[in-house]
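Below, each chain spelled out in residue letters.
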Amino acid sequence: MKHEPGPAGHDFLFEQYCLPGSRYKKLLSGSFMRLEPDLRMAFGLAMLRDAREMTDGTLATLFDGDWRECLTASWLAGFDRRIVMRQGISSRLAERRERHVGKGLCFSLARFSAPEDARVLVDYLTHSLSDLTYRSVQPWALGALMVIEERLTVELSGNFLKSGGPWEQWVGEGFVGSPDPEYWKNEVLEWCRFAESVGLKFAEGDG
C-alpha cells in the first residue's frame, strides 16, 4: 500500500525515511556496506521496502528537500531503479548541486544504466575534470560511467583515461583516495550488486 506524506510535509518525510537508524548518515559515509552481512541485508531490504511503498510524488518531494532528504531519495531511487527520478538526478549532477548527495546520484545513474545516463555522466566529467580545483564526486561519476559502459558493451571512458588526459591531470592536483579508475568502478559496482542481491531477496518474500 502506497502512502503520501502527512500534514507535517518535509518534517514527516525526514522522520520517516532519513532519520531511523541514522540512515542518511550511513548513506553519506557508505558505512552500510561495512556492516555485518545480516545487518547490511536488513538495511538494504528496509531501503527497498520503503522505496516500493512510496509514490513517485512522495519520492520527488523527498528529493526536493534538504541535502539529507535528497541524499536518501537518490539512494531509494537507485535501489528501486525508479527511472522517473532520472531528470531530477541528472539536472542536479549537471548543475554541480551534488554536495553531500553526489554518491547517491552516481549510484542511481549506474543502476539505471541506459545510454542517457551515460551521457549525463560523460557531460559531467567533461566539465568537472577540466576544472582542476573542483574536488567533488568525479571519482564516483567515473566509476558509474565505467559500470554503465561495461553493461552496455560500449567504450565511453577512454577519452578521460588516456595517458596525460583529464583524469590523470585531475588526480595530480590533489588526494582522491585512489588514482586507479578500477577502484572507483569496483566501489560503484559493489553498490549495484548489493542492490541487486537485495532485490532478489525481496522477491523471495523476505522483504
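Placed above this text is the structure.
Chemist: What should I look at first to understand helix α9 (residues 138-152) in this one?
Modeler: For an α-helix, 3.6 residues make a turn, and residues three or four places apart therefore share a direction. The first and last C-alpha atoms of α9 sit 21 Å apart over 15 residues, in line with the 21 Å expected at 1.5 Å per residue. In terms of residue burial, α9 counts as a mostly covered element, since twelve of its 15 residues are buried. Residues Gln138, Pro139, Trp140, Ala141, Leu142, Gly143, Ala144, Leu145, Met146, Val147, Ile148 and Glu149 constitute the buried set of α9. Trailing α9 by a residue or two, threonine 153 shows a phi angle of about 50°, which is positive.

Chemist: Would you mind going over the packing of aromatic side chains with me for this structure?
Modeler: The geometry of an aromatic ring pair comes down to the distance between the two centres and the angle between the two planes. Tallied over the entire structure, the rule returns 13 aromatic pairs. Relative to tyrosine 24, the ring of phenylalanine 14 has its centre 5.9 Å away and its plane inclined at 50°; by these criteria the two rings are tilted. With phenylalanine 14 in helix α1 (residues 10-18) and tyrosine 24 in helix α2 (residues 23-29), the pair connects residues that are ten residues apart, well separated along the chain. Accessibility expressed as a relative area gives 13% for phenylalanine 14, which makes it buried. Looking at tyrosine 24, the relative accessible area reads 12%, which means it is buried. Consider the rings of tryptophan 140 and tryptophan 184, whose centres lie 5.1 Å apart with planes at 75°: the pair is edge-to-face. On the criterion of sequence distance, the pair formed by tryptophan 140 in helix α9 and tryptophan 184 in helix α12 (residues 181-206) is long-range, its members being 44 residues apart. Across the pair, tryptophan 184 and tryptophan 140 agree in class, each one buried. One aromatic cluster in this structure is built from Phe32, Phe43, Trp75, Phe79, Phe107, Trp191 and Phe194. Lying over the aromatic face of phenylalanine 14, arginine 68 brings its terminal NZ or CZ to 4.2 Å of the ring centre. Positioned above the aromatic ring of tyrosine 134, the side-chain terminus of arginine 96 is 4.3 Å from the ring centre.

Definitions and cut-offs
Along each chain, the written sequence defines residue order, and numbers are assigned to residues from 1. Only residues with pLDDT of at least 70 get local features here, since the model is predicted, and only at 80 or more are side-chain atom pairs given and counted; chain-wide, interface and lining totals rely on the full set of residues. Each side-chain value is worked out from all heavy atoms of the structure, with water and hydrogens disregarded. Strands are runs of DSSP state E lasting at least two residues, helices are runs of H or I lasting at least four, and both sets are numbered from the N terminus onward. Expected helix span is computed as 1.5 Å times (number of residues minus one). Residue exposure (1.4 Å probe, protein chains only): buried if accessible area is under 20% of the type maximum, exposed if over 50%, otherwise partly exposed. Any pair of Phe, Tyr and Trp rings, taking the six-membered ring for Trp, is counted once the centres come within 6.5 Å. Such a pair is stacked with planes under 30 degrees apart, edge-to-face with planes over 60 apart, and tilted for the rest. Only lysine NZ and arginine CZ atoms are considered, and such an atom sits over a ring when it is within 6 Å of the ring centre and within 35 degrees of the ring normal.

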